Amino acid sequence: MKQKRMYLFILLLSISIVAAACGKKEAAVEPKEVDEGVDKCDICHMNVADDQFATQIALKDGETLMFDDIGCMVKDWLLENDDKETEAVFVRDFDTKEWISYDDATYVYDASFKTPMAYGMYSFKDKADAEALIEKEGKGQLLTAEDLKSHSWKRNKEMMDHGQQDHGNGGSHDKGGDEKEQGDDHEHEVHGQDDGEQHE
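A closer look at the overall build of the protein chain
- Helices and strands together make up the secondary structure of the protein chain, namely 5 helices and 7 strands.
- Listing every helix and strand of the protein chain by position from the N terminus yields α-β-β-α-β-β-β-β-α-β-α-α.
- The burial tally for the protein chain puts 42% of its 200 residues in the buried class.
- Considering only contacts within the protein chain whose residues lie at least 6 apart along the sequence, 65% involve residues at least 24 apart.

Concerning the packing of aromatic side chains
- This structure, assessed with the given rule, holds 7 aromatic pairs.
- Seen in terms of ring centroids, Phe 94 and Phe 124 are 5.9 Å apart; in terms of plane orientation they differ by 50 degrees. Their pairing is tilted. Remark: Phe 124 occurs in strand E6 (residues 121–124) and Phe 94 occurs in the loop between strand E3 (86–92) and strand E4 (99–101); sequence separation between them is 30 residues. Each member of the pair, Phe 94 as well as Phe 124, carries the same accessibility label: buried.
- Aromatic rings pair up to connect Phe 53, Phe 94, Phe 113, Tyr 122 and Phe 124 into one cluster.
- We note Arg 155 situated over the ring of Tyr 119; from NZ or CZ to the ring centre the distance is 5.3 Å.

Observations regarding the nonpolar core
- Counting residues in each nonpolar core, the largest one holds 36 residues, and the members touching the most others are Ile 57, Phe 67, Met 73, Tyr 102, Tyr 107 and Leu 148.
- Put simply, the parts of the chain that give this core at least two residues each are strand E1 (55–59), strand E2 (64–67), helix H2 (70–78), E3, E4, strand E5 (106–109) and helix H4 (145–148).
- When residues in this core are grouped by element, the largest group, 6 residues, is from H2.
- Dropping the residues within four chain positions of it, Tyr 102 is found in contact with Met 73, Val 74, Leu 78, Val 89, Phe 90, Val 91, Tyr 107, Ala 145 and Leu 148.
- Membership of the second largest hydrophobic core comes to 8 residues, among which are Phe 53, Phe 94, Tyr 122 and Phe 124.

Thoughts on the pattern of salt bridges
- Counted according to the given criterion, the structure contains 6 salt bridges.
- Across the pair Arg 92 and Asp 50 runs a salt bridge whose closest N-O atoms are separated by 2.6 Å. Placement of Arg 92 in strand E3 and of Asp 50 in the loop between helix H1 (2–23) and E1 is noted, with a sequence separation of 42 residues between them.
- Between Lys 60 and Glu 87 there is a salt bridge whose closest N-O contact spans 3.5 Å. With Lys 60 in the loop between E1 and E2 and Glu 87 in strand E3, this residue pair connects regions lying 27 residues apart in the sequence.
- Its relative accessible area of 48% is what places Lys 60 among the partly exposed residues.

So, the confidence of the model for the protein chain
- Averaged over every residue, the pLDDT of the protein chain is 79; the share at 70 or more is 67%.
- Note on residues 18–26: pLDDT is under 50 here. Beyond four places in sequence and across chains, it has 0 contacts.

As for H2
- Most of H2 is tucked away, with 9 of its 9 residues classed as buried.
- Taken together, the buried positions of H2 are Ile 70, Gly 71, Cys 72, Met 73, Val 74, Lys 75, Asp 76, Trp 77 and Leu 78.
- As for H2, its buried residues are in contact with E1, E2, E3, E5, E6 and H4.
- For H2, the N-terminal cap is Asp 69; the gap from its side-chain oxygen to the backbone nitrogen of Gly 71 is 2.8 Å.

Section: the sheet that holds E6
- Strands sit in the order E6-E5-E7 across an open sheet of 3 strands; the sheet is antiparallel. A single partner strand is all that each edge strand has here, and the edge strands are E6 and strand E7 (141–144). Averaged over all adjacent pairs, the angle separating strand axes in this sheet is 30 degrees, with direction ignored.
- As paired elements, E5 and E6 share 4 bridges and run antiparallel to each other. Bridged to Tyr 107 within E6 is Ser 123.

Reading the values: rules and limits
Residues numbered from 1 in each chain as written. Predicted model: local features only at pLDDT ≥ 70, side-chain atom pairs only at ≥ 80, totals over all residues. Heavy atoms only, no water. Helix = DSSP H or I, 4+ residues; strand = E, 2+ residues; numbered from the N terminus. Buried < 20%, exposed > 50% of the residue type's maximum accessible area, 1.4 Å probe, protein only. Contact = heavy atoms within 4.5 Å. Phe/Tyr/Trp six-rings, centres within 6.5 Å; stacked < 30°, edge-to-face > 60°. Lys NZ or Arg CZ within 6 Å of the ring centre and 35° of its normal. Core = buried A, V, L, I, M, F, W, Y, C linked by side-chain atoms within 4.5 Å. Salt bridge = Lys/Arg side-chain N within 4 Å of Asp/Glu carboxyl O. pLDDT = per-residue confidence, 0-100. Polar contact = N/O pair within 3.5 Å; in protein donor to acceptor, adjacent residues only side chain to side chain. Pairing = 2+ DSSP bridges. Axes fitted to C-alpha atoms, helices over the stretch in contact; angles between N-to-C directions.

Encoded structure:
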């Protein structure tokens, strides 16, 4: 009987400790609202539009980084800064503009898809919506966040050539800002410059 009471006591104590630990859990990080007049992409320094292409990273030190294209965030920040601790990474659902977790989203890539920096990547909350886009457009490759680590991240040269107007207050997509990178890297496209190919 004594042993039974001791067992119950230990069990209740364990449950209490677990409950207390759960109670101390910090609230999940909420995505920051985009301020189009202030926010600039932390990579290319172009204005971040409050649209379905905006992405952001919340760092553990409290800083929030904003990006105007998934490619800027993944290719030039996440893959280059794996030593930095992130609290949360957000992308937007292409159809609703709802902020969603980068890791949980489903992605669709095609070189012809129009995006601010010509990376051709769309993000979706639900896989079914991503598949519906591919079916509707008759093109597109289905990807996960894990797949994006090995994605080529080539930019559409033709799209960049058609969109060399200024995309806000910024110049090249290089990190130093002194010289424009050559090749397929860093000429800029205006948000929404579209000749009808973009999914609506």
